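# Structure at a glance
Below, each chain spelled out in residue letters.
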Amino acid sequence: MRGTTLAGQLARLGFTDPPRAERLLSGLGIDQDTLTELGRAADPDLALAGLSRIGLSTADLGSLDTETRNRLIQVLGVSAALADHLTRHREDLAVLASAEPPGSETIRSELLSAAGQPEPVAALAAAYHRRLLQLAGRDLTGAATIEETTQELAGIAGAVLESALVIARTELSSEARLAVIAMGKCGAQELNYASDVDVIFVGDTAAERLAAAVIQVCARSTPEGSIFPVDPNLRPEGGHGVLVRTLASHVAYYERWAKTWEFQALLKARPVAGDPDLGSEYIEAVAPMVWQAAHRDHFVEDVQAMRRRVEQSLPASRAGREIKLGPGGLRDIEFAVQLLQLVHGTADDTIRQPATLPALAALAEGGYVGRADAADLGAAYRFLRRTEHLLQLHRLSRTHTLPDDPVVLRRLGRAFHGSDPAGLHRGSDPAARFDELWRKHARQVRRLHEKLFYRPLLDAVARLPSEEARLTPAAARARLEALGYADPAGALRHIDALTSGVSRRAAIQRTLLPVLLGWFASFAEPDAGLLAFRQVSGALGESPWYLRLLRDQTKAAERMARVLASSRYATGLLLRAPEAVAMFGDDDELEARGRDALVAEMSAATHRYFDDPEGAVAAVRSVRRRELLRISAADILEVQAGLAGTGEALTAVTGAALRAALDVAAAKTAAELGGALPTRFAVIAMGRFGGHESGYGSDADVLFVHDPVPGADDKTASDAAHAVAAELRRLLALPVPDPPLIVDADLRPEGRQGPLVRTLAAYRAYYRRWSAPWEAQALLRAEAAAGDAALGVSFIEMANEFRYPAGGISEAAIREIRRIKARMEAERIPRGADRARHVKLGPGGLSDVEWAIQLLQLRHAHAVPALRTTSTAGAMAAAVDAGLLAEADANALTTAWELASRIRNAIMLVNGRPADTLPVKHTELTAVARLLGYPPGDAAQSLEQDYRRAARRARAVMEPLFYG
């Protein structure tokens, strides 16, 4: 083979310095098969250099079987440090002959035998490196998983500590009682190739020198190098504390002085050397403290703060490439897993696993972490640990930082992605591919860390008393009674139905319910909230997103609890379409939709039912139901713009539904007539609908107007208009699961006795000749709502003549309006009822405020254009600006009017049915008051006092303003 040909082959195989490789190859006499195997190494140049330093000839390599030679080359392609070891101990090639892991007793026996050698520390160091070599051979060829590798490394470290203790005892002639407790990665059996080994020493007072000697043995410099540093700084008081404490001293410290991080560290404690009985006693003493640590004040915040401090301590130049401590690194995974364990492990011993990957699997199995999230974190953890191992194996140095050196990154990339002797990574840069993979894992880890580590549910669970964190029947009943559930036995049945069994769904419910029970109890009707939660959960069945939403987005869970335990109205809407619970997790989803967007959606829905009017309007009502839930939930959760925002949103929904239903009714009537409608048709909003002040219990007060098209027969046009109006009302009131929309046309001329629809000309004639003053007053709220836009405008222009009469309303008309108002107060409040509790017709109620303001409009709107508004609040503000109403008086009227309106809405939300009277029943009044934001305790009394006070002040303003 000519040199240029060999150089080309070497370059294709991944050698970066072909001339040097040619020189080394010529000295060793490497054959083609071995050369191909070298090309499969992570770093072929490093592997070849290692063979050269060890001095292995072709014959030597030929004496090794294929698998042994492969293990050797893979080790040399990553680790210069292990090549150094083989240079000193060529006989240790023999440990690469087996792919079977040695048993823990074999490792322990081998390392303990070093203690009897003439130079025990050097012998121990050599035996230690021999064990690393054997393990690396299996690890780098895929015969050992990350879990197996880290567990074996911890076993080797434990055997080293045991041997070091034997050596130390011999050197000191000490019989002091001492137990070595492994902490950190060694304690969790997930150790690195090159790592400090964290320990705590427990023993009698004479063991201080012995413990110090153990540390010194492991750090002593020998021709074989040192073994590893032993770090005792996780002991009580850290580096300032005594090196060895008695068991009693440890317990006393942890009971009185320990900080949060110390309990987190103890999660991984494990006896590894010395007195086994003392080690076991130590674990038995501290373990209960570990699993109660989450109940300490500010526990969750402390752990979160500690993670932030670790990040902030990193130099900016290193933070972005730190695979252990940096964002998206191993600590992100470990801290998230440990925090979840410590919080939920207080009651669930299945997740009390010291090692990260088993703990993550247990958390996923228990429903504390989503399966997909756990899989992603597990994959990232294995990737990061393997990267860490590959970096550390090179020189057996304790490094966790990815260098910028392209040679190192190339070695990592090739180690991860294998080899291709025919054209290794052709067209792809291994370093760039590794960098891309690392950054992808780091981004994913950071996202999931923030999702899990800062999950508010953690803090809520941590605050639960330990006996309440898992719902045993006795504990649950006691908790329910203490929280104020009216029917603990019934609540227990719901809990049992939700949590019984071994399904993942039941496991997640067992995690959620202790917190949800407290949230339900924070609102007025916890029993109803729990029942509704069971109903929603049952309806959604095994839907994976539902429980994941509640577990991972605590805001959604808490919001749902508040809605379910506060409002039968909203609960009823949710139960008709439980999947709408998804909106609780997103503020944007709780934002009311505008009328145009609703009209477009409802119209699109009707087009799917072109030959089925009832199906079309059922689709419209389904959209309306969803929007009513959105509005009511936003109102209950106080994420909507108050009373005005609620009124505007409800008005928009009503208007959109009327418009979509009108299109359906008109199309059906036209089809029955066999052509186009012979008349134009419009719907005029009246009352609170026209004033954009709709409440949850409001009907749609309307007038229907039509105008025959030129040439149409009047009777035919009138019959068609009546058919459209009747069909519109029928469709919107059909008995279907979604709430009906009652279209009330009783404000039309002659009321219920008059025709349902009139022409524009007939309306004008009626108002000019026959209308009563209250009918002109009713027109103050008139606004075009649906149908023919031009006809709607014409009707409003006609209405202006009567609601804003030139020169104002006559004195006779004023007297008539006052008479009707007094008659309403006398006749429409139920006999025997407390008039002061009637928020609509009682003294200072809605009627008082609205009639007073409407009278000002009738008298002055002709001269004050700003009074020409359908809005009560808008007219009041205009009256103040025009000097017709004192600002203090307006404030009194506004306060009473807004409170009365909010009370009516709250009654509907709480009970699911409308009412105009402050509830007499204390529990019902309390529920209304709590919904309105009154704190627990005397909420009902406070609301009643506030309303009576506001109503008295409003009445005092209204009487001179309205009655003169």
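Bear in mind that the values here come from a model prediction, so they are computed numbers and not experimental data.

Quick look at the overall build of the protein chain now. Broken down by element type, the protein chain carries 44 helices and 10 strands. Computed over the C-alpha atoms, the radius of gyration of the protein chain is 40 Å, more than 25% above the 30 Å expected from 2.2 N^0.38 for a compact globule of 964 residues. Principal-axis analysis of the C-alpha atoms places the extent of the protein chain at approximately 125 × 75 × 50 Å. Across the protein chain, every contact between residues at least 6 apart in sequence was considered, and the portion connecting residues at least 24 apart equals 73%. Only carbon and sulfur atoms are counted for the fraction: they give 51% of the accessible area of the protein chain, which is about 38,600 Å². Charge centroids of the protein chain, computed over 113 positive and 120 negative side chains, lie 3 Å from each other.

Our focus in this paragraph is the packing of aromatic side chains. Any two aromatic rings considered together are summarised by their centre-to-centre distance and by the angle between their planes. Evaluated as defined, the whole model comprises 16 aromatic pairs. The interplanar angle of 90° and the centroid separation of 5.1 Å between the aromatic rings of Tyr763 and Phe795 together place this pair among those described as edge-to-face. Taken together, the residues span a long stretch of sequence, with Tyr763 in helix H36 (residues 760-769) and Phe795 in helix H38 (residues 789-803) at a distance of 32 residues. For the pair shown, Tyr763 and Phe795 are each scored as buried.

For residues that are not glycine, phi is negative in most cases, and the peptide bond is trans in most cases. Unusually for a residue other than glycine, His692 sits at a positive phi of about 60°. Looking at where His692 falls in the secondary structure, it is placed in the loop between helix H34 (687-690) and strand S7 (700-708). Look at Glu750: it is not a glycine, yet its phi comes out positive at around 70°. For Glu750, the position within the fold is in the loop between strand S8 (743-744) and strand S9 (757-759). Of the residues examined, Glu750 reaches a relative accessible area of 45% and is grouped as partly exposed.

The angle between the axes and the distance between the axes are what describe a pair of packed helices. Orientation of helix H4 (residues 44-54) relative to helix H6 (residues 66-76), taken along the N-to-C sense of each, is 110°, at an axis distance of 7 Å. Overall, the two elements H4 and H6 adopt an arrangement that is roughly perpendicular. Contacts between H4 and H6 pair Leu46, Ala47, Gly50, Leu51 and Ile54 from the former with Leu72, Ile73 and Leu76 from the latter. Of the residues that constitute the contact of H4 with H6, the class distribution is seven nonpolar, one polar and no charged.

Its location among the elements puts Arg559 in helix H29 (residues 554-564). With sequence-adjacent residues up to four places away left out, Arg559 is seen in contact with Phe584, Asp586, Asp587, Leu590, Leu637 and Val639.

The next subject is the confidence of the model for the protein chain. Looking at the protein chain as a whole, the pLDDT averages 89, with 95% of positions reaching at least 70. Here residues 419-427 scores under 50 on pLDDT; set against residues more than four positions off or in separate chains, the count is 19 contacts. Predicted confidence is poor over residues 460-469, with pLDDT under 50, and the contacts of this stretch with residues over four places away or in other chains come to 25 contacts.

Taking burial as the measure, the 11 residues of H29 include eight buried ones, the bulk of the element. Residues Thr554, Ala556, Ala557, Arg559, Met560, Ala561, Val563 and Leu564 constitute the buried set of H29.

One finds Phe533, Phe584, Leu658, Phe704 and Leu943 to be the most contacted residues of the largest nonpolar core, which totals 147 residues. Among the elements that line this core, the one with the most residues is helix H42 (residues 887-911), at 13 residues. Aside from chain neighbours lying at most four places away, what touches Phe533 is Leu498, Gln509, Leu513, Leu516, Phe520, Tyr546, Leu550, Met560 and Leu564. Core analysis: the next-biggest nonpolar cluster, separate from the first, contains 117 residues, Leu132, Ala157, Tyr368 and Leu412 among them.

Turning our eyes to something else, we now look at the pairing of S7. The element S7 is largely enclosed, with a buried count of seven among its nine residues. Sheet topology places S7 next to S8; two bridges connect them, and they run parallel. Paired with Asp701 across the two strands is Asp744, which belongs to S8. Between S7 and its parallel partner S8, the chain crosses via helix H35 (residues 714-733), and the hand of that crossover is right-handed.

Okay, the packing of helix H31 (residues 595-607) against helix H33 (residues 642-673) next. Contact pair H31 / H33: the axes reach a minimum separation of 9 Å and the direction vectors enclose 30°. At the point where H31 passes H33, the crossing takes the right-handed sense. Here Arg595, Leu598, Val599, Met602 and Thr606 of H31 lie close against H33, whose contacting residues are Ala652, Val653, Gly655, Ala656, Ala657, Arg659, Ala660 and Val664. The residue makeup of the contact of H31 with H33, split by class, is nine nonpolar, two polar and two charged.

A few words now on the pattern of salt bridges. Following the criterion strictly, the structure yields 60 salt bridges and no others. Its salt-bridge partner being Arg730, residue Glu614 comes within 2.9 Å of it at the nearest N-O pair. Pair noted here: Glu614 is in helix H32 (residues 613-636) and Arg730 is in helix H35, with a separation of 116 residues, a long-range link. Where salt bridges share partners, they join Glu589, Arg593, Glu601, Arg626, Glu627 and Arg630 into one cluster.

Cut-offs used in this document
- Going along each chain's sequence as written, the residues are numbered from 1 onward.
- With pLDDT at 70 or above as the cut-off, local features in this predicted model cover only qualifying residues; side-chain atom pairs require 80 or more to be listed or tallied, and sums for whole chains, interfaces and linings still use all residues.
- By convention in this description, side-chain values take in all heavy atoms of the structure and omit both hydrogens and water.
- Only DSSP runs of H or I covering at least 4 residues are called helices, and only runs of E covering at least 2 are called strands; the numbering of each starts at the N terminus.
- C-alpha atoms define the radius of gyration, and 2.2 Å times the number of residues to the power 0.38 defines the globule rule.
- Contacts were defined at the residue level, with two residues in contact if any of their heavy atoms lie within 4.5 Å.
- The Shrake-Rupley method, run with a 1.4 Å probe sphere, supplies the accessible areas, and residue values consider only the shown protein chains as cover.
- We count Lys and Arg on the positive side and Asp and Glu on the negative side, and we leave His and both chain ends out.
- Charge coordinates come from a single atom per side chain, which is NZ of Lys, CZ of Arg, CG of Asp or CD of Glu.
- Centres within 6.5 Å make a pair out of two Phe, Tyr or Trp rings, where for Trp the six-membered ring is used; the pair is then stacked when the planes are under 30 degrees apart, edge-to-face when over 60, and tilted otherwise.
- Burial status follows relative accessibility: with a 1.4 Å probe on protein chains alone, a residue under 20% of its type maximum counts as buried, one over 50% as exposed, and anything between as partly exposed.
- As a rule, the C-alpha atoms of each element are fitted with a line to give its axis, helices using only the stretch in contact, and angles between N-to-C directions run from 0 to 180 degrees.
- Oblique is the label for every angle not falling under 35 degrees (roughly parallel), over 145 degrees (roughly antiparallel), or within 65 to 115 degrees (roughly perpendicular).
- Basically, the charged four are Asp, Glu, Lys and Arg, the nonpolar ten are Ala, Val, Leu, Ile, Met, Phe, Trp, Tyr, Cys and Pro, and anything else, Gly included, counts as polar.
- For every residue, the predictor assigns a confidence score, pLDDT, that lies between 0 and 100.
- We call a set of buried Ala, Val, Leu, Ile, Met, Phe, Trp, Tyr and Cys residues a nonpolar core when their side-chain atoms join them within 4.5 Å.
- A strand pair is defined by DSSP finding two or more bridges across the two strands.
- Handedness is read with the strands pointing away from the viewer; a crossover is right-handed when the path from the first strand over the helix to the second is clockwise.
- Whether a crossing is left-handed or right-handed is set by the direction in which the near helix is turned from the far one by less than a right angle, anticlockwise for left-handed and clockwise for right-handed.
- We define a salt bridge as a contact between a side-chain nitrogen of Lys or Arg and a carboxyl oxygen of Asp or Glu at a distance within 4 Å.

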